[in-house]
Amino acid sequence: MSQLSPVLKQATPVLAARAEGVHVYDEEGRAHLDFTAGIGVTSTGHCHPRVVEAAQRQVATLVHGQYTTVMHRPLLTLTERLGEVLPEGLDSLFFVNSGSEAVEAAMRLARQATARPNIVVFQGSFHGRTIGAASLTTSAAKFRSGFGPLMPGVAIAPFPHAFHYGWDEATATEFALRELDQLLATVSAPADTAAFIVEPVLGEGGYVPANTAFMQGLRERADRHGILLIIDEVQTGFGRTGRFWGHDHFAVRPDIVVTAKGLASGFPLSAIAAPTELMEKAWPGSQGGTYGGNAVACAAAIATLDVIQDEKLVENSAARGAELISGLREVASRYAAGGTRRVGDVRGLGLMAGTEFVTAEGRPDGETAAQVQAAAGRHGLLLLTCGAQGQVVRMIPPLVVTAEQVREGLRLWSEAVAEVLD
């Protein structure tokens, strides 16, 4: 008998039979409050009726219209609609299937457009698992180990992770920008540097938000040296952080945006966006793919945009996110001191919230985080971990989550933390 790869490990034991809104139902009919959203994918909730209807309608007319062979209306409409929400000037799009593919497309475009070989990434980043994307990933060794050598031309600079360094945010930011300048002087000269690529909030790296001074510092250096600024919005985009794009919090202009995950409410679709004059510098044949811009996924993405706008989900993300992070901090305050295991930090933006567990010595405590995540699952709350040592438990509920559901999630979370730490 064949089986799934034994390397694939489930974060929860749930065998899902169906899902609706913020709930997943197992084969016994038990409801589980899903604060994973398929790792931030089901932005409009599971099986939103308008997304389901759009996909069903499209399946009945055209499933696959390969977009370098024929063109189809859902792709053209989606391209036009994305122009309403993309940063000003980013008016050209290329569609693929996954975040990793989109990151690789952005990197390839940057190298071809600038004729420079190097990419600067930031410590704690996650950009994907394919060779190029994994070469840009520094959130944990498991994503880049055992299949080297990796792609050359990658330089790693610090991210302003204040809690990790034990500093205040201003000090961490000053350090990160100073070390970036040192890197440009010693490792990757500006004339060799095609792009900086950065997440507005570190995802797999521990749910660590950037800040305005850091992001604007990247923009200033990029402008000064003719370097492109790529912002990876795979997890942070489409309202996740309480703004439509994560970088909107920091008033910074990207040269290339990468988007995926919440773009199509669960259908595989990703894209990069750039100004036309930049995109046209891609070499002939460098962009394409069999499944990119799939008609059904595009129809779902159009419906997703409609739902986000009509149901004011960006605003809901901001309001519910503030309630969620406040509640997490209240729980954390009970375990900030004393005992051998404790909560070290709560952080996030919008509906992207992380709780970091530490030992009495302040070291990352992945074991406790895993125990609390498992306990939450037993209580009916589905969660995931992240961070280099798996020490952060993250909450990523769908953007349709209500205030009542946030309160229920916090109640279950409080019970799970108490079960492990009391």
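Values in this document were obtained by computation on a predicted structure and should not be read as measured data.

Caption draft 1: Structural view of the side chain of aspartate 26. Residue position: aspartate 26 is located in strand S2 (residues 23–26). In this structure aspartate 26 is buried but unpaired, with arginine 30 as the nearest side chain of opposite charge at 5.5 Å. At 2.9 Å, the side chain of aspartate 26 and the backbone nitrogen of glutamate 28 are in polar contact. For aspartate 26, the side chain forms a polar contact with the main-chain nitrogen of arginine 30, separated by 2.9 Å. Filtering out sequence-adjacent residues up to four positions away, aspartate 26 remains in contact with Val14, Leu15, Ala16, Ala17 and His32.

Caption draft 2: How the structure looks around the packing of helix H12 (residues 366–379) against helix H13 (residues 403–421). At a minimum axis separation of 8 Å, H12 and H13 run at an interaxial angle of 130°. As far as their axial angle goes, H13 and H12 are oblique. Crossing angle aside, the handedness with which H12 passes H13 is right-handed. In this structure, H12 contributes Thr368, Gln371, Val372, Ala375, Ala376, Arg378 and His379 to the contact, and H13 contributes Leu412, Trp413, Glu415, Ala416, Val417, Glu419, Val420 and Leu421. Taken together, the residues of the contact of H12 with H13 break down into nine nonpolar, three polar and three charged.

Caption draft 3: Broad picture of the pattern of salt bridges. A full pass over the atoms with the stated rule returns 21 salt bridges. Between arginine 320 and glutamate 323 there is a salt bridge; the shortest N-O distance is 2.7 Å. Linking arginine 320 with glutamate 323, this pair stays in helix H11 (residues 313–333), spanning three residues, or about one helical turn. Among the residues examined, arginine 320 registers a relative accessible area of 15% and is labelled buried. On the basis of relative accessible area, glutamate 323 is assigned to the partly exposed category, the value being 32%. Close ionic contact of arginine 411 with glutamate 415 constitutes a salt bridge, the shortest N to O distance being 2.7 Å. Linking arginine 411 with glutamate 415, this pair stays in helix H13, spanning four residues, or about one helical turn. For arginine 411, a relative accessible area of 40% translates into the label partly exposed. The structure contains a network of salt bridges with shared partners spanning Asp181, Glu220, Arg221 and Arg224.

Caption draft 4: Seen up close, the environment of alanine 260. Turning to its location among the elements, alanine 260 is positioned in the loop between strand S11 (256–259) and strand S12 (270–274). Residues alanine 260 and valine 103 lie 157 residues apart in sequence; the distance between their C-alpha atoms is 9.9 Å. Those residues in contact with alanine 260 that sit more than four places away from it in its chain are Ser98, Gly99, Val234, Leu269 and Ser270.

Caption draft 5: The arrangement of the sheet that holds S12 in detail. Reading across from one edge, S4-S12-S11-S10-S7-S5-S6 is the order of the seven strands in this open sheet, with mixed pairing throughout. Two strands lie at the open edges of the sheet, namely strand S4 (92–96) and strand S6 (154–157), each paired on one side alone. The mean inter-strand angle of the sheet, taken between neighbouring strand axes irrespective of direction, is 20°. Examined bridge by bridge, strand S5 (residues 118–122) and strand S7 (residues 193–198) share three bridges and lie parallel to one another. In the strand pairing of S7, asparagine 118 is matched with threonine 193. Contacts between helix H8 (residues 212–225) and the sheet are confined to S5, S7 and strand S10 (228–232), with S7 contributing the most and set at about 170° to the helix.

Caption draft 6: Region of the structure containing the packing of aromatic side chains. Enumeration according to the criterion identifies 11 aromatic pairs in this entry. Here tryptophan 167 and phenylalanine 175 contribute two aromatic rings whose centre-to-centre distance is 5.1 Å and whose plane-to-plane angle is 75°, an arrangement assigned as edge-to-face. Under the relative-accessibility criterion, tryptophan 167 is labelled partly exposed at 36%. These aromatic residues form a ring-pair network of at least three members: Phe122, Phe159, Phe196 and Phe214. In this structure, arginine 18 packs its charged tip against the face of tyrosine 25, placed 3.9 Å from the ring centre.

Caption draft 7: Representation of the nonpolar core within the structure. If you look at the biggest cluster of nonpolar residues, it comprises 91 residues, and the most contacted ones within it are Ile272 and Trp413. A per-element tally of this core places helix H10 (residues 295–310) first, with nine residues. Those residues in contact with isoleucine 272, other than ones at most four positions away along the chain, are Ser92, Leu93, Phe94, Ala102, Ala105, Ala106, Leu109, Ile256, Val257, Val258, Met279 and Gln287. Counting residues in each nonpolar core, the second largest holds 32 residues, with Phe122, Ile227, Leu384 and Ile396 among its members.

Calculation criteria
- Note on numbering: residues in each chain are counted from 1, in written sequence order.
- With the structure being a predicted model, the display of local features is reserved for residues of pLDDT at least 70 and the display and counting of side-chain atom pairs for 80 or more, all residues being used for whole-chain, interface and lining totals.
- Processing note: side-chain calculations cover all non-hydrogen atoms of the structure and skip hydrogens and water entirely.
- Numbering of helices and strands runs from the N terminus; a helix is a DSSP stretch of H or I covering at least four residues, while a strand is a stretch of E covering at least two.
- Buried means the residue's accessible area, taken with a 1.4 Å probe over protein chains only, is under 20% of the maximum for its type, while exposed means over 50%, and partly exposed covers the values in between.
- Residues counted as positive are Lys and Arg, residues counted as negative are Asp and Glu, and His and the chain ends are not counted.
- Salt bridge, as used here: a side-chain nitrogen of Lys or Arg that lies within 4 Å of a carboxyl oxygen of Asp or Glu.
- The term polar contact refers here to a pair of N or O atoms within 3.5 Å; inside protein, the definition further demands a hydrogen-donor-capable atom paired with an acceptor-capable atom, and it admits residues adjacent in sequence only when both atoms are side-chain atoms.
- Residue contacts are counted whenever heavy atoms from the two residues lie within 4.5 Å of one another.
- Note on geometry: axes are C-alpha line fits, over the in-contact stretch for helices, and angles between N-to-C directions span 0 to 180 degrees.
- For this classification, under 35 degrees means roughly parallel, over 145 means roughly antiparallel, 65 to 115 means roughly perpendicular, and everything else is oblique.
- Should the near helix be turned counterclockwise from the far one by less than a right angle, the crossing is left-handed, whereas a clockwise turn marks it as right-handed.
- Ten residue types, Ala, Val, Leu, Ile, Met, Phe, Trp, Tyr, Cys and Pro, are classed as nonpolar, four, Asp, Glu, Lys and Arg, as charged, and the remainder, Gly among them, as polar.
- Pairing between two strands requires that DSSP report at least two bridges joining them.
- Any Phe, Tyr or Trp ring, taking Trp's six-membered ring, that has another such ring centre within 6.5 Å forms a pair; planes under 30 degrees apart are called stacked, those over 60 apart edge-to-face, and the others tilted.
- Charge over a ring is defined by NZ of Lys or CZ of Arg lying within 6 Å of the ring centre and within 35 degrees of the ring normal.
- For our purposes a nonpolar core is just a set of buried Ala, Val, Leu, Ile, Met, Phe, Trp, Tyr and Cys residues, chained together by side-chain atoms within 4.5 Å.

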